[in-house]
Amino acid sequence: MKKCSFCGLEKPDNEIIEGLTGNICYECLETEKESIDAIHLNNMKLLKPHEIKKELDKYVIAQEDAKRKIAVEVYNHYKRISLKSKSVEFPKTNILMVGTSGSGKTYLIQRLSQILNVPLVIGDATEFTEAGYVGKDVETLLSDLIDKADGDISLAEKGIIYIDEIDKICTKNRDIVGKDVGGSGVQNSLLKIIEGMEYSFSKTDEVINTKNILFICGGAFDGLEKIIEKRIHKQKTIGFSSENTELNIEEKNNLFKKVTEEDLLNYGFVREFLGRLPMILSLEKLSEEDLKLILTKPKNAIVKQYTALLKADNVKLKFSKDAIDYIAKKAYEKGTGARALNGIISDKLNELMYEIPMKEDITEYTITKEFLEH
């Protein structure tokens with residue numbers, strides 16, 4: 001008997017290959033052969049998790065935990081597709097994203113698909129209904145994905161489908177009698193497609209297999225914080241009546257990080273549906289400091305965009321510190337996260353960008369808080 005240097009198990013001599021510095025059993029050898037092969041997708045090498053996150057960092061501010069986790073899950077998802085292991089089965093890991101409005105859920109997925117160079121379809125859960133109702137059928141998602149892949153079904157089968165507003169199809173009323181339009185009915189109609197199946201389109205003879213399509217669902221989940229807080233409060237009070245059961249500010253701001261499957265069931269999800277979304281990813285609410293960085297740091301930052309546009313007119317545009325602070329504060333007060341930034345700044349700069357090209361004597365202009373307030 002000899003010990004395998006890889007798995008650490010002792011194996012009979014005829015099941016071990018001896019090397020100069022160690023041994024390897026035939027089972028580990030097969031696994032290593034599978035992992036040594038370069039992973040390619042659309043003739044491109046798939047980036048490692050740290051490389052995916054590095055690319056995301058160029059555009060997505062904050063959300064460090066979410067970026068790291070989704071990088072790992074996406075890497076493992078496409079590695080699962082590439083590896084053809086006879087000894088190990090790799091289950092599909094679809095993702096559920098929980099985050100307040102404007103925290104960057106959709107933007108994160110858009111950037112991810114661009115980094116990976118895979119087709120992406122974004123659907124709104126409120127537009128889909130159970131088959132037989134008036135409205136879009138979930139089949140539309142798959143049809144749109146094939147269109148994004150320019151008709152290449154094999155490419156579409158490796159794409160990403162992001163379903164936004166997924167919280168809107170929760171069954172808030174558990175006493176509903178009859179058909180549950182847009183609630184558990186839609187969840188049930190999505191089950192097999194998300195898990196993986198051969199889907200035949202009703203109007204054509206096309207067939208698409210969804211087993212390798214990565215499904216990511218996201219929503220703002222208004223009211224979920226109360227369910228989480230109630231559970232935590234209950235856990236704190238059981239057996240500890242003298243303990244301070246009030247949550248501090250930091251705990252209240254990060255309640256989504258503590259979400260459990262039970263919380264989501266109480267919110268109105270069907271257990272079978274949650275079972276198809278085993279990875280729960282929470283995004284943090286963006287702070288004023290985060291919003292300032294979003295304005296200035298990413299490659300496509302709003303400030304950089306306006307600066308580049310006016311540079312084409314030979315005008316050097318600057319933003320004062322108090323202007324950046326003002327925009328970030330106003331956006332934070334609106335409560336809609338990063339999406340509020342462009343609305344605040346575009347109205348003010350539209351008139352400026354109309355006038356400046358007419359004035360050849362202006363070569364430099366500074367945006368101040370005073371300018372934005374008037």
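Description of the structure in this document. (Residues numbered from 1 in each chain as written. Predicted model: local features only at pLDDT ≥ 70, side-chain atom pairs only at ≥ 80, totals over all residues. Heavy atoms only, no water.)

This brings us to the packing of aromatic side chains. Taken as a whole and assessed by the stated rule, the structure comprises 5 aromatic pairs. With 5.5 Å between their ring centres and 50° between their planes, Phe 221 and Tyr 267 make a pair best called tilted. Placement of Phe 221 in the loop between β12 (214-219) and α8 (224-237) and of Tyr 267 in helix α10 (residues 261-267) is noted, with a sequence separation of 46 residues between them. Of the two residues examined, Phe 221 and Tyr 267, each falls in the buried class. Between Phe 269 and Phe 273, the aromatic rings sit 5.7 Å apart at their centres with planes inclined by 10°, giving stacked as the arrangement. With respect to burial, Phe 269 and Phe 273 carry one shared label: buried. Connected via pairs of aromatic rings, a cluster forms that spans Phe 221, Tyr 267, Phe 269 and Phe 273. The ring of Tyr 59 has Arg 111 lying over it, and the distance from NZ or CZ to the ring centre is 3.7 Å. (Phe/Tyr/Trp six-rings, centres within 6.5 Å; stacked < 30°, edge-to-face > 60°. Helix = DSSP H or I, 4+ residues; strand = E, 2+ residues; numbered from the N terminus. Buried < 20%, exposed > 50% of the residue type's maximum accessible area, 1.4 Å probe, protein only. Lys NZ or Arg CZ within 6 Å of the ring centre and 35° of its normal.)

Quick look at the sheet that holds strand β8 (residues 120-124) now. Overall, parallel pairing links the 5 strands, which are arranged β8-β9-β12-β7-β13 in an open sheet. The open sheet has two edge strands, β8 and β13 (279-282), and neither has a second partner. Along the sheet, successive strands turn relative to each other by an average axial angle of 20°, direction set aside. Taken together, the 4 bridges between strand β9 (residues 160-164) and β12 define a ladder with parallel strand orientation. By the bridge assignment for β12, Tyr 162 is matched with Ile 216. Sheet strands in contact with helix α3 (residues 64-82) are β7 (95-98), β9, β12 and β13, and its direction is about 150° off that of β13. With respect to the sheet, helix α4 (residues 105-116) is in contact with β7, β8, β9 and β12, its orientation differing from that of β9 by roughly 175°. (Pairing = 2+ DSSP bridges. Axes fitted to C-alpha atoms, helices over the stretch in contact; angles between N-to-C directions. Contact = heavy atoms within 4.5 Å.)

A few words now on the side chain of Asn 209. Here Asn 209 is to be found in strand β11 (residues 207-209). A relative accessible area of 15% places Asn 209 in the buried class. Polar contacts involving the side chain of Asn 209 include one to the side chain of Glu 198, which spans 2.9 Å. Within the local environment of Asn 209, its side chain forms a polar contact with the backbone nitrogen of Lys 211, the two atoms lying 2.9 Å apart. Among all residues touching Asn 209, those that are not within four sequence positions of it are Glu 157, Met 197 and Glu 198. (Polar contact = N/O pair within 3.5 Å; in protein donor to acceptor, adjacent residues only side chain to side chain.)

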